[in-house]
Amino acid sequence: MIKNVIFDIGNVLVNFNWAEYMQKLFPGQDDLIAKLNVAVWGDGRWERLDAGDDPEKVWSSIIKICPENEPEIKKIISRVGETLTKRAGTHEWIKDLKSRGYKVYYLSNYSRFVMDANPEVLDFLPLMDGGVFSCDVKLLKPEIEIYDSLAKKYNLVPSECVFIDDLFANVQGAILYGFKGIQCVNQEQAKQDLNKLLSSEAQ
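Residues numbered from 1 in each chain as written. Predicted model: local features only at pLDDT ≥ 70, side-chain atom pairs only at ≥ 80, totals over all residues. Heavy atoms only, no water.

Re the packing of aromatic side chains
How two aromatic rings sit relative to each other is set out by the distance from centre to centre and by the angle between their planes. Where we set the bar: Working definition: a ring pair exists when centres of Phe, Tyr or Trp rings (six-membered ring for Trp) sit within 6.5 Å. Plane angles under 30 degrees give stacked, over 60 give edge-to-face, the rest tilted. A helix here means a DSSP run of H or I that spans at least four residues, while a strand means a run of E at least two residues long, and both kinds are numbered starting from the N terminus. Type-normalised accessible area, obtained with a 1.4 Å probe on protein chains alone, sets the label of each residue: buried when under 20%, exposed when over 50%, and partly exposed for intermediate values.
Scanning all chains against the criterion turns up 13 aromatic pairs. Summarising the aromatic geometry, the rings of Trp18 and Trp41 are spaced 5.3 Å apart at their centres and angled 85° between planes, so their arrangement reads as edge-to-face. Note that Trp18 is positioned in helix H1 (residues 18-25) and Trp41 in helix H2 (residues 30-41), a separation of 23 residues in sequence. When its relative accessible area of 9% is taken as the criterion, Trp18 is described as buried. Judged by centre distance (5.8 Å) and plane angle (80°), the rings of Tyr147 and Phe163 are edge-to-face. Separated by 16 residues along the polypeptide, Tyr147 in helix H9 (residues 144-154) and Phe163 in strand E6 (residues 161-165) bring together distant segments of the chain. Each member of the pair, Tyr147 as well as Phe163, is classed as buried. Here the aromatic cluster, defined as three or more aromatic residues joined through ring pairs, consists of Trp18, Tyr21, Trp41, Trp46, Trp59 and Phe113.

Thoughts on the pairing of strand E7 (residues 180-183)
For clarity, the threshold we go by: Should DSSP find at least two bridges between two strands, the strands are regarded as paired. Whether a crossover is right-handed comes down to one check: with the strands pointing away from the viewer, does the path from the first strand over the helix to the second run clockwise; if it does, it is right-handed.
In terms of strand pairing, E6 meets E7 through 4 bridges, oriented parallel. Residue pairing across strands places Val162 opposite Lys180, the latter belonging to E7. Running through helix H10 (residues 168-177), the crossover from E6 to the neighbouring parallel element E7 is right-handed.

Quick notes on the pattern of salt bridges
Where charged atoms from two side chains of opposite charge come close, those side chains can pair. What counts, and what does not: Salt bridge, as used here, is a side-chain nitrogen of Lys or Arg placed within 4 Å of a carboxyl oxygen of Asp or Glu.
Summed over all chains, the structure comprises 16 salt bridges. Linking Asp43 and Arg45 is a salt bridge whose minimum nitrogen-to-oxygen distance equals 3.6 Å. A salt bridge links Asp123 to Lys86; its shortest N-O distance comes to 2.9 Å. Of this pair, Asp123 sits in the loop between helix H7 (112-117) and strand E5 (131-133) while Lys86 sits in strand E3 (residues 84-86), and the two are 37 residues apart along the sequence. A single salt-bridge network, built from bridges that share partners, covers Asp8, Lys141 and Asp165.

Regarding the packing of helix H6 (residues 90-99) against helix H11 (residues 187-202)
This is how it is decided: Where helices are involved, their axes are fitted lines through C-alpha atoms of the stretch in contact, as for all axes, and angles between N-to-C directions lie from 0 to 180°. Between 65 and 115 degrees an angle is taken as roughly perpendicular, under 35 as roughly parallel, over 145 as roughly antiparallel, and anywhere else as oblique. In what follows, residue pairs with any heavy atoms lying within 4.5 Å of each other are defined as contacts. Polar here means any residue outside two lists: the nonpolar Ala, Val, Leu, Ile, Met, Phe, Trp, Tyr, Cys and Pro, and the charged Asp, Glu, Lys and Arg; Gly therefore counts as polar.
Across the interface, H6 lies against H11 with an axial gap of 12 Å and an inter-helix angle of 5°. In this view, H6 runs roughly parallel relative to H11, as classed from their interaxial angle. Side by side, H6 and H11 meet where Thr90, Trp93 and Leu97 of the first sit next to Gln187, Ala190, Lys191, Leu194 and Leu198 of the second. Along the lines of polarity and charge, the residues of the contact of H6 with H11 split into 5 nonpolar, 2 polar and 1 charged.

Observations concerning the nonpolar core
Cut-off, in case you're wondering: Throughout this description, the term nonpolar core refers to a set of buried Ala, Val, Leu, Ile, Met, Phe, Trp, Tyr and Cys residues connected via side-chain atoms within 4.5 Å.
Among the nonpolar cores identified, the biggest contains 52 residues, and Phe7, Ile76, Leu97, Tyr110, Ile164 and Leu194 are the most heavily contacted of them. If you look at the next biggest cluster of nonpolar residues, it comprises 14 residues, including Leu107, Leu156, Ala174 and Tyr177.

The quantities given are spatial measurements derived from coordinates; they are silent on function.
Below, the structure is given as structure tokens:
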């Protein structure tokens, strides 16, 4: 029987839109955007923030890829909080699950740098029963150890948990650990799939 609902945050409880952000910063400059995206995301550089690495070291590693675009990279860094916006329905979804007796947690690849850049977008966290940010445990989904860190922190039984994430690989990691899993394509679909699962588990 499911007792615990565990949420990813980006593109599940909040909107994260990197492509729109880059077009906003550099409108119509598709070649520049493609180049900067490789520098920022290539070889897992951005993920090192989520893993808790020193932000200054991460920025230096990114700038080394294309030092001629250092001003543009610093612009990306300085306004990165704009990649995140609140998602309508998040508070109500959490409150509804809590009112039905479920514990609600978060498990997210997230960096302190981005949290500090836009703390308001996480205003739903006080409604939840707890959670784990990757930067705090220096682990990343879909590594099995990060799911285990959440379960051990709150004494959760894996078979009593369902995990919701927008990325298939992260859902698969959760399933391998022993959670049930739902991929979030959009919030309405995820709500429907979760309610079907919770109903079937309750029978």
